[in-house]
Amino acid sequence: MTPETENDLDDLFADLAAEDVPVSDALLDRVMMDADAVLAASAPQAPAPVAQGLGAMLLEAIGGWPAFGGLAAATVAGVWLGVSPPAALSPLTESLGGSMIEVPLLDGDLLSALEG
Amino acid sequence: MYTPPFHMNDAHMNDDRPDAVLLSAFALGDRQAALVLTHRLTPRVMGQAYRMLGDRAEAEDVAQEAMMQLWKIAPNWDADRAKVTTWLYRIVANLCTDRLRKSGRGVDLEAVAEPEDDAPSATDRMQTQARAHAVQAALGDLPERQAQAVALRHLEDLSNPQIAEIMDTSVRTVESLIARGKRALVARLSGRKAELGFEDDT
């Protein structure tokens, strides 16, 4: 037998094709870590820019996330209604917006009073 | 957040959703879908890469890279186009021929399997390994498309129409690529017949 015919070549290929190729747990781990990296990179960014700006201001005035609590959700909702008010709710969104802006001002006044 | 080690449980093993459905789920953030795809597809990808390259570490690198490309294309996957497995065959074939051509490899003696205890089967194994590596080295010398067509036909046992789809060409072109590739391989390997044990088969 010589490898001078394609049949012999086919025998060679058959040996190769029949070989068992075990997959290591380490490889599965590597593949899964890549999947996690892609998932993390494509995770949706939380708040929209406008909400972030206002959120940061409120956060500063109030004293950090622990104190923020449910107010954050109310703020975001208020901002959204302000940006895109349903016609029937316009008077309501205006009043909500007004009351939110008063929070830092009031806080500042109190601090001034205490210091003075 | 990834927390190794992870293990396949029955729920993963029995998840029979099609690859494309799992890929869409992954694109929407479903980590379990990635887990199922990892266990389902990595062995196939690894097998194809190893049969073409004959080197476990290199094959693992190719398998990881092919799967990474799959994760990245997930959000843009078009369910109407090729099957996921067809697409992966193409990716792996391309990655492997790239490596074969760049490495300009000969027979890698270090990659030959360790001899078994009993001498006769050890000899057989060595010879089988030498033949395998000779074929893989010769594949690396072929034009890329010929090497891919021959490997998909004879190492992956795919039909010519399947290969045509993978290579995005006609069945007729596939037939031609395989015929030319095999002629070139026979010419190359016949010079090494003594080394590969073809002359003294008993």
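Residues numbered from 1 in each chain as written. Chains lettered and ligands numbered in written order. Predicted model: local features only at pLDDT ≥ 70, side-chain atom pairs only at ≥ 80, totals over all residues. Heavy atoms only, no water.

(A) Quick peek at the overall build of chain B. Assigned secondary structure in chain B consists of 9 helices and 0 strands. For chain B, the sequential pattern of α-helices and β-strands runs α-α-α-α-α-α-α-α-α. The 202 residues of chain B split such that 50% are buried. Contacts spanning at least 24 positions in sequence make up 63% of the contacts within chain B whose residues lie at least 6 apart. For chain B, the accessible surface area stands at approximately 10,100 Å², while carbon and sulfur atoms represent 48% of it. (Helix = DSSP H or I, 4+ residues; strand = E, 2+ residues; numbered from the N terminus. Buried < 20%, exposed > 50% of the residue type's maximum accessible area, 1.4 Å probe, protein only. Contact = heavy atoms within 4.5 Å. Areas by Shrake-Rupley, 256 points an atom, 1.4 Å probe, with all protein chains shown as cover.)

(B) Layout of the interface of chain A and chain B. Taken together, the contact between chain A and chain B spans 30 residues of the former and 44 residues of the latter. Between chain A and chain B, a total of about 3,700 Å² is buried, with carbon and sulfur atoms accounting for 70% of that surface. Between chain A and chain B we count 4 salt bridges in total. Here Asp10 of chain A and Lys182 of chain B are joined by a salt bridge, their closest N and O atoms 2.8 Å apart. If you look at where chain A meets chain B, you find 9 residue pairs in polar contact (both at pLDDT 80 or more). Among the secondary structure elements, those contributing two or more residues to the side of chain A that touches chain B are helix H1 (6–18) and helix H2 (25–41) of chain A. (Buried area = accessible area lost by both parts, 1.4 Å probe. Salt bridge = Lys/Arg side-chain N within 4 Å of Asp/Glu carboxyl O. Polar contact = N/O pair within 3.5 Å; in protein donor to acceptor, adjacent residues only side chain to side chain.)

(C) Just empty space enclosed by the protein, in detail. Following the criterion strictly, the structure yields 1 cavity of 30 Å³ or more and no others. What the largest cavity holds in volume is close to 40 Å³. In terms of lining, the largest cavity is formed by Leu16 and Glu19 of chain A together with Tyr50, Gly54, Gln129, Ala132, His133 and Gln136 of chain B. Counting residues per element, the lining of the largest cavity draws most heavily on helix H6 (residues 119–141) of chain B, at 4 residues. Broken down by class, the residue content of the lining of the largest cavity amounts to 3 nonpolar, 4 polar and 1 charged. (1 Å grid on protein atoms, 1.4 Å probe; cavity = no way out; pocket = protein on both sides within 12 Å on 5 of 7 lines; lining within 4 Å. Points joined across faces, edges and corners; volume = space filled by probe spheres on them. Nonpolar A, V, L, I, M, F, W, Y, C, P; charged D, E, K, R; others polar.)

(D) Summary view of the pattern of salt bridges. Inspection of every chain in the model, using the stated rule, returns 10 salt bridges over all chains. Residue Asp141 of chain B pairs with Arg188 of chain B through a salt bridge whose shortest N-O separation is 3.1 Å. With a gap of 47 residues between them, Asp141 of chain B in helix H6 and Arg188 of chain B in helix H9 (residues 171–190) connect regions that are remote in the sequence. Each of Arg30 of chain A together with Glu60 and Asp61 of chain B takes part in salt bridges that share partners, so that together they form one network.

(E) Layout of unusual backbone geometry. All names here are of chain B. Notably, Asp157 is not glycine yet its phi reads approximately 60°, a positive angle. Within the fold, Asp157 resides in the loop between helix H7 (144–154) and helix H8 (160–166). By relative accessible area, which is 61% here, Asp157 ends up exposed. Backbone geometry at Asp168 places phi at a positive 55°, although glycine is not the residue there. Mapped onto the secondary structure, Asp168 falls in the loop between H8 and H9. Assessed through its relative accessible area of 67%, Asp168 is described here as exposed.

(F) Main features of the environment of Glu175 of chain B. With respect to the element layout, Glu175 of chain B can be found in helix H9. Residues Glu175 of chain B and Arg153 of chain B, 22 residues apart in the sequence, show an inter-C-alpha distance of 9.9 Å.

(G) Local environment of helix H4 (residues 56–73) of chain B. Counted at 1.5 Å a residue, the expected span for H4 of chain B with its 18 residues is 26 Å, and the 26 Å between its end C-alpha atoms agrees. Residues of H4 of chain B that are buried include every one of Glu58, Ala59, Glu60, Val62, Ala63, Gln64, Ala66, Met67, Met68, Leu70, Trp71 and Ile73 of chain B, and no others. Buried positions along H4 of chain B lie against H2 of chain A together with helix H2 (19–27), helix H3 (31–53) and helix H5 (84–103) of chain B. Looking at where H4 of chain B begins, the residue whose side-chain oxygen comes 3.2 Å from the main-chain nitrogen of Ala57 of chain B is Asp55 of chain B. (Expected span 1.5 Å × (residues − 1).)

(H) Focus on the environment of Gln69 of chain B. Residue and element names in this part refer to chain B. Relative to the elements of secondary structure, Gln69 occurs in helix H4. Given a relative accessible area of 30%, Gln69 falls into the partly exposed group. Distance in space between the C-alpha atoms of Gln69 and Leu88 is 9.1 Å, their sequence separation being 19 residues. If we ignore the near neighbours within four places in the chain, the residues touching Gln69 are Trp87, Ile91 and Leu95.

(I) Spotlight on the side chain of Thr85 of chain B. Residues and elements named next belong to chain B. Tracing the sequence through the fold places Thr85 in helix H5. Overall, the relative accessible area of 11% leaves Thr85 in the buried class. Beyond its immediate chain neighbours, meaning those up to four positions away, Thr85 contacts Asp19, Leu41 and Arg44.

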